[in-house]
Amino acid sequence: MTTLSPYDSMSPVAQAAYRAKSAAADLAPLPRAEKDDALLAIADALEVRTSEIVEANAKDIAKARENGTSEAIVDRLTLTPERVRAIASDVRDVVALPDPVGEIVRGSTLPNGIDLRQVRVPLGVVGIIYEARPNVTVDAAALCLKSGNAVLLRGSASAYESNTALVRVIRDAVGGAGLPADAVQLVPGESRESVRELMRARGLVDVLIPRGGASLIQTVVAESTVPVIETGTGNCHVYVDAAADLDMAIDILINSKAQRPSVCNAAETLLVHQDIAAEFVPRALDALAEAGVTVHADPRVLAYAKDSKATVVEATPEDWDTEYLSYDIAAAVVDSLDRAVEHIRLWSSGHTEAIVTSSQQAARRFTKLVDSTTVAVNASTRFTDGGQFGFGAEIGISTQKLHARGPMGLPELTSTKYIVTGDGHIRR
Ligand SMILES: NC(=O)C1=CN([C@@H]2O[C@H](COP(=O)(O)OP(=O)(O)OC[C@H]3O[C@@H](n4cnc5c(N)ncnc54)[C@H](OP(=O)(O)O)[C@@H]3O)[C@@H](O)[C@H]2O)C=CC1
Ligand SMILES: N[C@@H](CCC(=O)OP(=O)(O)O)C(=O)O
């Protein structure tokens, strides 16, 4: 009589999770050097096999263009040899970072002589559902491997060819370095049924990280039986205070909005203190026009638009709530710093807000009152990024408060456990 193992009756996604769980158990005790060797092998393989990756990516791009995808999204999807080199370099940055596993977070000797240590351990199997941005495939794999986790990658169907090629290269390198290839797997299937399967894989997947728009996040938060770390949309603000250096404010505004408008840390709303509005708003409108940005203006900004070459349209209430991810920005004049904070508290998605000011008092008040993952003082919103923060990369930017907040790097991919060492101690 043949007996079926539970594995045989599992769905393909659950089978992948099952294999990942076994790979995670193998990865957890590995020393740093073995994980770093695998990461270096990945970086080298990405460079050696660039043409295979770029060719696969071209198929996704052709399909995206056929489907009428916007150029901003096509840009996010695009891999060039130069971008693949940059991705490989990001992997080497992760190699250079310390291994979080085994780090002693807390340690003491208790009055009874017991030695108590809290040490970092991998989470286990990490599932990530993410947008059509193939560099995330490599960032997530590198961060998970280095932190001793196995990863199940569910990228957008629109990046399927690119992700398939990237994961093939990564798995070959991981296997070649003597680590279990199943530590990195692309979730089988392009339909959203695979997302549902991941959400039901409680016990096999330790944590699910949805990285994308509001619909994805709401679906996963509402339906997942696997614990979730939410990332969030980026309705980010730049507030130009009464005490701002206006040249600096222009630079920060343009960089925050236009350096890469399709990413979540790009600015979507400009707020200007009324005391400098007459001088600043016309300059800001010109600079935004030069950068090709359309301004969705409140009546007070609109009043300065008459002689401007900027494209300015009247803002509707929806504009304050909109993450454009394009060359558009909402703009308003506010009476005070506190009104700016009120506006941000009402409309922000809690991702990143910036203040431009020369006043330490204003900077302190803004940083204290604004409740977002990142508050930038005299710096662009675009800095909210794992690479820019020195974390090597990020697996996502958590906009929730539990377990992790902000760009999630290596320590955020770990949990802890306590090691209790006695000398025959018993509890009385
Ligand atoms: N805070 C952060 O870390 C980040 C935030 N973002 C935010 O993500 C958004 C951009 O992402 P976008 O391109 O819109 O990506 P989407 O949210 O459309 O898609 C992301 C992934 O989720 C899947 N998906 C989307 N909706 C659902 C759903 N209802 N049920 C199941 N699966 C779903 C997609 O599958 P498929 O495409 O195959 O259908 C894809 O794999 C922006 O709002 C940006 O700010 C982006 C990256 C980082
Ligand atoms: N890592 C990003 C920020 C977060 C991100 O990935 O944003 P998105 O392009 O919306 O997926 C960056 O600034 O490059």
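Here is what the cut-offs are and how they apply
Residues numbered from 1 in each chain as written. Chains lettered and ligands numbered in written order. Predicted model: local features only at pLDDT ≥ 70, side-chain atom pairs only at ≥ 80, totals over all residues. Heavy atoms only, no water. UniProt positions renumbered as here; feature names shortened; annotations may be inferred. Domains from an automatic or database assignment. Contact = heavy atoms within 4.5 Å. Buried area = accessible area lost by both parts, 1.4 Å probe. Salt bridge = Lys/Arg side-chain N within 4 Å of Asp/Glu carboxyl O. Polar contact = N/O pair within 3.5 Å; in protein donor to acceptor, adjacent residues only side chain to side chain. Nonpolar A, V, L, I, M, F, W, Y, C, P; charged D, E, K, R; others polar. Near = heavy atom within 4 Å. Areas by Shrake-Rupley, 256 points an atom, 1.4 Å probe, with all protein chains shown as cover. Helix = DSSP H or I, 4+ residues; strand = E, 2+ residues; numbered from the N terminus. Pairing = 2+ DSSP bridges. Axes fitted to C-alpha atoms, helices over the stretch in contact; angles between N-to-C directions. Buried < 20%, exposed > 50% of the residue type's maximum accessible area, 1.4 Å probe, protein only.

Looking up the chain in an unreviewed UniProt entry gives the name Gamma-glutamyl phosphate reductase, with the organism given as Streptomyces spinosisporus. The record in UniProt for the chain states the following under Function (unreviewed entry): "Catalyzes the NADPH-dependent reduction of L-glutamate 5-phosphate into L-glutamate 5-semialdehyde and phosphate. The product spontaneously undergoes cyclization to form 1-pyrroline-5-carboxylate." Taken directly from UniProt, the Pathway (unreviewed entry) text for the chain runs: "Amino-acid biosynthesis; L-proline biosynthesis; L-glutamate 5-semialdehyde from L-glutamate: step 2/2."

### Quick look at the domain arrangement of the chain
Each assigned domain of the chain is listed here: domain 1 (13–229 + 408–421) and domain 2 (236–383). Using only C-alpha atoms to locate each centre, domain 1 and domain 2 end up separated by 34 Å. Across the boundary between the two partners, domain 1 contributes five residues, which contact four residues of domain 2. When the buried surface of domain 1 facing domain 2 is broken down by residue, Ala72, Arg76 and Arg133 rank first, second and third, together holding 74% of it. Inspection of the region where domain 1 meets domain 2 yields one salt bridge. The shortest N-O distance in the salt bridge between Asp75 and Arg260 comes to 3.6 Å. For the pair domain 1 and domain 2, the interface holds one residue pair in polar contact (both at pLDDT 80 or more). Taken together, the residues of the side of domain 1 that touches domain 2 break down into one nonpolar, no polar and four charged.

### Re the site of ligand 2
Close to ligand 2 lie Arg76, Glu131, Arg133, Arg211, Ser262, Val263, Cys264, Asn265, Arg382, Asp385, Glu394 and Ile397, which account for all nearby residues. Arg211 is positioned with one of its side-chain polar atoms (N or O) 2.4 Å from an oxygen atom of ligand 2. Between ligand 2 and Asn265, the relevant distance is 2.8 Å, taken from an oxygen atom to a side-chain nitrogen or oxygen of the residue. For ligand 2, whose unbound accessible area comes to 370 Å², protein coverage reaches 88%. In the shell around ligand 2, the residues fall into three nonpolar, two polar and seven charged. Both of domain 1 (13–229 + 408–421) and domain 2 (236–383) provide at least three residues apiece to the shell around ligand 2.

### A short note on the site of ligand 1
Around ligand 1 sit 26 residues in total, of which Arg76, Ser156, Gly213, Glu323 and Ile397 are the nearest. Protein burial of ligand 1: of its 910 Å² of free accessible surface, 85% is covered by the chains. Listing elements by their share of the shell around ligand 1, those giving two or more residues are β3 (125–130) and α9 (214–223). For the shell around ligand 1, the leading source of residues is α9, giving three residues. By residue class, the composition of the shell around ligand 1 is eight nonpolar, twelve polar and six charged. Residue contributions to the shell around ligand 1 reach at least three from each of two domains, namely domain 1 (13–229 + 408–421) and domain 2 (236–383).

### A word on the pattern of salt bridges
This structure, assessed with the given rule, holds 27 salt bridges. Between Lys257 and Glu268 there is a salt bridge, with its nearest N and O atoms 2.9 Å apart. Linking Lys257 in helix α10 (residues 246–258) with Glu268 in strand β8 (residues 267–273), this pair joins segments that are eleven residues apart in sequence. The structure contains a network of salt bridges with shared partners spanning Arg49, Glu52, Arg168 and Asp172.

### A closer look at the side chain of Ser256
Along the chain, Ser256 falls in helix α10. A polar contact of 2.7 Å, which involves the side chain of Ser256, links it to the backbone oxygen of Ile252. Aside from chain neighbours lying at most four places away, what touches Ser256 is Val238, Asn265, Ala266, Ala267, Ser380, Thr381 and Arg382.

### Remarks on the environment of Ile114
Within the secondary structure, Ile114 is located in the loop between β1 (104–109) and β2 (115–122). Those residues within four positions of Ile114 in sequence are excluded, and the remaining contacts are Ser108, Thr109, Val420, Thr421, Gly422 and His425.

### Describing the sheet that holds strand β11 (residues 328–334)
On the basis of which strands lie adjacent, the open sheet formed by seven strands has the order β10-β9-β11-β8-β7-β12-β13 and parallel pairing. Of all the strands in the sheet, the pair left with one neighbour each is β10 (311–314) and β13 (374–377). Neighbour-to-neighbour, the strand axes of this sheet turn through a mean angle of 25 degrees, independent of strand direction. Bridge count between strand β9 (residues 294–297) and β11: four bridges; the pairing is parallel. By the bridge assignment for β11, Val295 is matched with Ile329. Set on the sheet, helix α11 (residues 274–290) makes contact with β7 (236–240), β8, β9, β10 and β11; between it and β8 the angle comes to about 145 degrees.

### Some points on the environment of Pro111
On the secondary structure map, Pro111 appears in the loop between β1 and β2. Pro111 sits ten residues away from Val121 along the chain, and the two C-alpha atoms are 26 Å apart.

### Considering unusual backbone geometry
Although it is not a glycine, Leu325 sits at a positive phi angle of roughly 55 degrees. A relative accessible area of 21% means that Leu325 is categorised as partly exposed. The phi angle at Asn378 is positive, at roughly 55 degrees, despite the residue not being glycine. Counting through the fold element by element, Asn378 comes out in the loop between β13 and β14 (397–398).

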